[in-house]
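Reading the structure
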Amino acid sequence: MPASHSNLQIDSERLWGTIHETAAFGATPKGGVRRLTLGPEDKQVRDWFRRACEAAGCEVHVDALGTMFALRRGRDMSKPPLGIGSHLDTQPTGGKFDGSLGTLAALEVVRTLNAAGIETETPLCVINWTNEEGSRFAPAMMASGAYAGDFTADDILGRNAAEGITVAQALSEIGYNGDEPVGARRLGGFVELHIEQGPILEAEGKTIGVVHNGQGIIWYDGRVTGFASHAGTTPMPLRRDALATFAEIVLAVERIARELGPDAVGTIGETTIENASRNVIPGDLTFTIDVRSASAATLDKFDIMLRKVFAEIATRRRAEVALDQIWRKEPPQFDARLVDAVETAAKELGYSHRRITTGAGHDACNLATVMPAAMIFVPCKDGISHNELEDATQADCAAGANELLHTVLALAGVAGRD
């Protein structure tokens, strides 16, 4: 990097201001943000983002799934742009930083380059991916997944929210059903800044997480079928209690995750007792399991162990236990060249840093299967995310944005410079 650019810094106050300005779209009484995908608050923040990107000299394009691409031209427009950004949707009780930091920091990079009069050799593209969270429409990370070829656009457009509206209808309602085909806008690579959403960086006093890989994920839908009968008249030895069977399943998932740890986690996040009644022994219930590991072999072993122990529990409890794998995502590996660029930028900027695995799924994880990709993490208070208490310091947000800026300068190059 030319010496004249080595000390270039983003405007910390401007970035902090945009984080809090956009947090007003869907602000909650407890200081969080409720901005569900393709709802009215999402439209508000999208309109703001479009205006801000256009004011920064970018051309804004929208694809068929509503993903927004703000193109900053480079000297060599024959080169595919370097993508930077994240998402602007939130969980129902989300915070100000998850997704928003990465998207707004990418905008801040463009603003900083503009102010410094720097033209990059390679074009840049600031991106707001649709529905990273998956809190209104499933699956999570659906737009980047479709971009990577995991789903078709038609499949995603037909997905329903709990209230019955489809993605296609919701896009039309807020005016973000773009005419650009999904995947038509090719990228040369993608770098995403994000809060860690975990406690490691804060606990170790590190400012930057250099993300080199991610966890693979398996999602299951399960069902326990016992026999519903009277709570007062059915002797304990004769019961086929679906809930008691499920209690053993919950503990089994926890036990297997611990046995395969520290490189494995398992979570039962939902369960529903069918026809529940205070004085009826539960006969049927459904549940979900989320299993994650950075090792594909560990995911395989987790699956084998689950099925074996569930069969044993079902036999002993005289119940039926069905387990259907509905989704599997292999552990993503980020591009070595881009990861090295992130690490080099941290060293040159003097930030304390470490290599780290992402425990959460991100758009960059999907994109890593079809292009060079990398991620930058900054700490969040107590590792809390997907919660209104989610918090990060202005200094750490600025450090992450500076890290992104200098990674971009290294990867996109400066026009007219060697």
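Our subject is the structure that appears above.
For the structure given in this document, a descriptive report is provided here. (Residues numbered from 1 in each chain as written. Predicted model: local features only at pLDDT ≥ 70, side-chain atom pairs only at ≥ 80, totals over all residues. Heavy atoms only, no water.)

**Considerations on the side chain of K329**
Position of K329 among the secondary structure elements: in strand 13 (residues 320-329). Excluding its chain neighbours within four sequence positions, the residues that come into contact with K329 are D150, G216, I217, L299, C365, N366 and T369. (Helix = DSSP H or I, 4+ residues; strand = E, 2+ residues; numbered from the N terminus. Contact = heavy atoms within 4.5 Å.)

**Remarks on the nonpolar core**
Counting residues in each nonpolar core, the largest one holds 93 residues, and the members touching the most others are F334 and L404. Ranked by residue count, the leading element in this core is helix 12 (residues 394-412), at 10 residues. Setting aside residues up to four positions removed in sequence, F334 forms contacts with V211, H212, N213, V339, T358, A364, C365, A368, A373, A374 and M375. Judged by nonpolar contacts, the second largest core, of 24 residues, contains A252, V253, A257 and I289. (Core = buried A, V, L, I, M, F, W, Y, C linked by side-chain atoms within 4.5 Å. Buried < 20%, exposed > 50% of the residue type's maximum accessible area, 1.4 Å probe, protein only.)

**What about the packing of helix 3 (residues 100-116) against helix 12?**
Direction vectors running N to C along helix 3 and helix 12 enclose 60°, while the axes themselves pass 9 Å from each other. The angle between helix 3 and helix 12 places the two elements in the oblique class. Crossing of helix 3 over helix 12 shows right-handed handedness. For the pair helix 3 and helix 12, contact is made by L101, A105, A106, V109, T112 and L113 and by C397, A401, L404, L405, V408 and L409, respectively. When its residues are assigned to classes, the contact of helix 3 with helix 12 shows 11 nonpolar, 1 polar and no charged. (Axes fitted to C-alpha atoms, helices over the stretch in contact; angles between N-to-C directions. Parallel < 35°, antiparallel > 145°, perpendicular 65-115°, else oblique. Left-handed = near helix turned anticlockwise from the far one by under 90°. Nonpolar A, V, L, I, M, F, W, Y, C, P; charged D, E, K, R; others polar.)

**Comments concerning the environment of I127**
Among the structural elements, I127 can be located in strand 4 (residues 124-128). Overall, I127 belongs to the buried group, its relative accessible area being 0%. In this structure I127 touches T67, M68, F69, G83, I84, G85, S86, T103, L187 and F190, once residues within four positions along its chain are discounted.

**A few points about the side chain of D290**
Along the chain, the position of D290 falls in strand 12 (residues 284-293). Filtering out sequence-adjacent residues up to four positions away, D290 remains in contact with I217, I218, W219, V265, G266 and T267.

**Topic: the pairing of strand 12**
Of all 10 residues in strand 12, 8 are buried; the element is thus mostly enclosed. Sheet analysis places strand 7 (residues 216-225) next to strand 12, joined by 10 bridges and oriented antiparallel. Within strand 12, the position partnered with V224 by the bridge is L285. Two strands pair when backbone bridges link them, and strand 9 (residues 265-267) and strand 12 are joined in this way by 3 bridges, in the antiparallel orientation. By the bridge assignment, T267 is partnered in strand 12 with D290. Of the pairings in the sheet, the one linking strand 10 (residues 271-273) to strand 12 comprises 3 bridges and is antiparallel in character. (Pairing = 2+ DSSP bridges.)

**A short note on unusual backbone geometry**
With an omega of 5°, the peptide bond running from A138 to P139 counts as cis. As for its placement among the helices and strands, P139 is situated in the loop between strand 4 and helix 4 (142-147). Phi is positive for L38, close to 65°, though the residue is something other than glycine. In this structure, L38 sits in the loop between helix 1 (12-22) and helix 2 (40-55).

**Considering the sheet that holds strand 3 (residues 82-86)**
The 8 strands lie next to each other as 1-2-4-3-5-15-6-14, forming an open sheet whose pairing is mixed. Unpaired on one side and paired on the other, strand 1 (59-62) and strand 14 (353-358) mark the two borders of the sheet. Looking at each pair of strands side by side, their axes are set apart by 25° on average, direction ignored. Pairing of strand 1 with strand 2 (residues 68-72), which is carried by 4 bridges, proceeds in the antiparallel orientation. If you follow V60 over to strand 2, its bridge partner there is A70.

**What to know about helix 8 (residues 242-259)**
Here helix 8 contains 18 residues, and its C-alpha end-to-end distance of 26 Å stays within 8% of the 26 Å for a straight helix at 1.5 Å per residue. For helix 8, the full list of buried residues reads A242, T245, F246, I249, A252, V253, I256 and A257. One face of helix 8 carries all of its buried residues, which in axial projection span an arc of 125°. For helix 8, the exposed residues set more than 90 degrees away from the buried face come down to L251 and R258. On its buried face, helix 8 is in contact with strand 7, strand 9, strand 10, strand 12, helix 9 (296-317) and strand 13. Where helix 8 starts, the residue carrying a side-chain oxygen 2.8 Å from the main-chain nitrogen of L243 turns out to be D241. (Expected span 1.5 Å × (residues − 1). Arc of directions from axis to C-beta. Polar contact = N/O pair within 3.5 Å; in protein donor to acceptor, adjacent residues only side chain to side chain.)

**Some remarks on the state of the cysteines**
By the definition in use, this model includes 0 disulfides. The cysteine C53 is free of any disulfide, with C58 supplying the nearest cysteine sulfur at 5.4 Å. Assessed through its relative accessible area of 0%, C53 is described here as buried. (Disulfide = S-S within 2.5 Å.)

**Points about the packing of helix 8 against helix 9**
Taken N-terminus to C-terminus, the directions of helix 8 and helix 9 make an angle of 150°; their axes are 10 Å apart at the nearest point. It follows that helix 8 is roughly antiparallel to helix 9 by the angle criterion. Seen from above, helix 8 lies across helix 9 with right-handed handedness. Here A244, T245, E248, I249, A252, V253, R255, I256, A257 and E259 of helix 8 lie close against helix 9, whose contacting residues are F302, M305, L306, V309, F310, I313, R316 and R317. Partitioning the contact of helix 8 with helix 9 into residue classes produces 12 nonpolar, 1 polar and 5 charged.

Any functional reading would require information beyond the geometric quantities listed.
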